[in-house]
Amino acid sequence: MSQDVILKGGKILIDGSLVERDIALIDGKVAMQADVTASAETLDCRGIHIAPGLVDVQVNGGGGHMFSTSSTRSDYEAIARAHASVGSTSICPTIITGPPNEMLAAISLAAEMCGARISGGATFAGIHVEGPFLAERKRGGHPAQYLQQPSLSFAQEILDASKGTLAIFTVAPELPGALGVIDLMVEAGVHVSAGHTVAGSDDLHRAAEHGLAGVTHLYNAMEPLSSRAPGPIGVALSSDLYAGLISDFLHVAPDALRVAMIAKSDSLVYLTTDAVSPLGSSAARTFNLYGTEVTVRDGGCYTSDDVLAGTATPLSIMVRLLIDRLDLDPAVALSMATAVPRSLLGSSDCGAIADGASADITLFDEDFNLSRVFVGGRPIELWDGLENLKSV
């Protein structure tokens, strides 16, 4: 297939709706007038749903590597290619709790690669740092020995290492000193999100007054909602905070997913994977995370204590699961993996199909299985493991 192609007869996600029209991918960019070149190859897209490349704002790893424990550009490129091969063409490398020097080194390397085109791989759309200012009781897969109390000095080191590319910072807002860190991050233009937290609702409201803007992986690693203690879940569901959902149907039960979709505006709920190294790799079924062995089981990743520590289920599969199992409007499900994270990031470089936009495009068949991915207008090979996930 030539680099230039006309996608003809498909239903395209534009401004939150699936509309039938033709578009062209010319010189790596989207052209909304599909007849702009006679030399472009035409691809029959009847019965196909066309969306922007998916945007995943919480990616710990993939392709057999983790951002936090890998130290080379080639490892980071392998993660980027693994995610592109399953439909996510823009990702936020996520650095988790670890030894401080290793965290800063990983942030610095990711910062060097942010925004650059990786051949056949996802673009790094900004860095997400999750930790080390998290609650020990809700740490999940984060190593307890490296958790810290909030510190303005280390928060500033994180900002300095990121060289202006830090997009999201997850913190437990109830910890002493957390509000000062939130102030620092907000002033730097970072989206601050509550996660791995034992915060009560008062803590969330207080943090929101300081600029807290979201909740990381809603329902997971936080206090449950009850009638007199709504906690982070209750505040997230009843406010204008962004809320991330891991919709692999392992992290969150179907009814809880429905509650979030009913309670909140479609424009505030986004999908994310919290992906770890086995995603996009048929070989990596186990991995070691700072001394904790994690094993893949039914698409989820579990410690020996049966604690979920991320997922191996691609974002494209999560979109389909919402459509299949919750009967969610396909345009809404696709927007949760494109337009909403794009809005959260404040980015014009991903998550939308528009004239002149980068031609990062995903095609889904009539059953919403991923069928093609274009990165910068070029088709890339899909991960062969996707075929085994069609029955999920």
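Our structure is the block above this text.
Residues numbered from 1 in each chain as written. Predicted model: local features only at pLDDT ≥ 70, side-chain atom pairs only at ≥ 80, totals over all residues. Heavy atoms only, no water.

Engineer: Is there a simple way to think about the pairing of strand E19 (residues 286-289) in this case?
Structural biologist: Look at any regular strand and the pattern is simple: side chains alternate between the two faces of the sheet. Going residue by residue along E19, you find Phe 287 and Leu 289 tucked away on one face and Thr 286 and Asn 288 left uncovered on the opposite face. The pairing of E19 with strand E20 (residues 292-297) spans 4 bridges and is classified as antiparallel. Bridge pairing links Phe 287 to Val 294 in E20. What sits between the antiparallel neighbours E19 and E20 is a turn of 2 residues, in which Tyr 290 has the positive phi angle 50°. (Buried < 20%, exposed > 50% of the residue type's maximum accessible area, 1.4 Å probe, protein only. Helix = DSSP H or I, 4+ residues; strand = E, 2+ residues; numbered from the N terminus. Pairing = 2+ DSSP bridges.)

Engineer: I keep staring at the layout of surface pockets and nothing clicks. Help me out?
Structural biologist: Rolled over the atoms, a probe sized like a water molecule indicates the empty space that remains. Considering only enclosed or pocket space, the largest pocket measures out at about 460 Å³ in volume. For the lining of the largest pocket, the secondary-structure elements that each account for two or more residues are strand E12 (123-124), helix H3 (152-162), strand E14 (166-171) and helix H10 (339-345). Among the residues making up the lining of the largest pocket, the classes are represented as 11 nonpolar, 11 polar and 4 charged. Looking at the second largest pocket, its volume works out to about 330 Å³. If you trace the second largest pocket, you find 22 residues lining it, with Gly 141, His 196, Asp 274, Leu 308 and Ala 309 closest to the centre. It is strand E22 (residues 308-311) that provides the largest number of residues to the lining of the second largest pocket, a total of 3 residues. Of the residues contributing to the lining of the second largest pocket, the split by class is 10 nonpolar, 9 polar and 3 charged. (1 Å grid on protein atoms, 1.4 Å probe; cavity = no way out; pocket = protein on both sides within 12 Å on 5 of 7 lines; lining within 4 Å. Points joined across faces, edges and corners; volume = space filled by probe spheres on them. Nonpolar A, V, L, I, M, F, W, Y, C, P; charged D, E, K, R; others polar.)

Engineer: Whenever I open this one, the packing of H3 against helix H4 (residues 178-187) confuses me. Can you help?
Structural biologist: Axis angle and axis distance: for two packed helices, these are the angle between their axes and the distance between the axes, and together they describe the pair. Two numbers describe how H3 lies on H4: the axes approach to 10 Å, and their chain directions differ by 25°. One finds that H3 runs roughly parallel with respect to H4. By crossing handedness, the relation of H3 to H4 is classed as right-handed. On H4, the residues that touch Leu 152, Ala 155, Gln 156, Ile 158 and Leu 159 of H3 are Gly 180, Val 181, Leu 184 and Met 185. Grouping the constituent residues of the contact of H3 with H4 by class yields 7 nonpolar, 2 polar and no charged. (Axes fitted to C-alpha atoms, helices over the stretch in contact; angles between N-to-C directions. Parallel < 35°, antiparallel > 145°, perpendicular 65-115°, else oblique. Left-handed = near helix turned anticlockwise from the far one by under 90°. Contact = heavy atoms within 4.5 Å.)

Engineer: I would appreciate a short explanation of the packing of aromatic side chains in the present structure.
Structural biologist: Describing an aromatic ring pair means giving the distance of the ring centres and the angle of the ring planes. Using the criterion set out here, one finds 5 aromatic pairs in the structure. Ring centres of Phe 67 and Tyr 76 lie 4.8 Å apart, and the angle between their planes is 85°; this geometry places the pair in the edge-to-face category. Summarising the burial analysis for this pair, Phe 67 and Tyr 76 share the class buried. A connected cluster of aromatic rings, assembled from ring pairs, spans Phe 67, Tyr 76 and Phe 124. The ring of Tyr 302 carries the charged tip of Arg 297 above its face, separated from the ring centre by 4.0 Å. The ring of Phe 249 has Arg 325 sitting right over it, with the charged end atom 5.1 Å from the ring centre. (Phe/Tyr/Trp six-rings, centres within 6.5 Å; stacked < 30°, edge-to-face > 60°. Lys NZ or Arg CZ within 6 Å of the ring centre and 35° of its normal.)

Engineer: Where do I start with the nonpolar core in this structure?
Structural biologist: Note on soluble globular proteins: their nonpolar side chains tend to be buried together. In this structure, Met 185 and Leu 218 are the most contacted members of the largest nonpolar core, which totals 95 residues. Residues contacting Met 185, with those up to four places away along its chain left out, are Ala 155, Ile 158, Leu 159, Leu 166, Phe 169, Val 190 and Val 192. Listed in part, the 17 residues of the second largest apolar core include Leu 25, Val 30, Ile 48 and Ala 359. (Core = buried A, V, L, I, M, F, W, Y, C linked by side-chain atoms within 4.5 Å.)

Engineer: Looking at this model, I keep getting lost on the environment of Glu 209. Mind explaining?
Structural biologist: Here Glu 209 shows up in helix H5 (residues 201-209). Accessibility expressed as a relative area gives 69% for Glu 209, which makes it exposed. Along the sequence, Glu 209 and Leu 179 sit 30 residues apart, while their C-alpha atoms lie 9.5 Å from each other.

These values are about where atoms sit, not about what they do.
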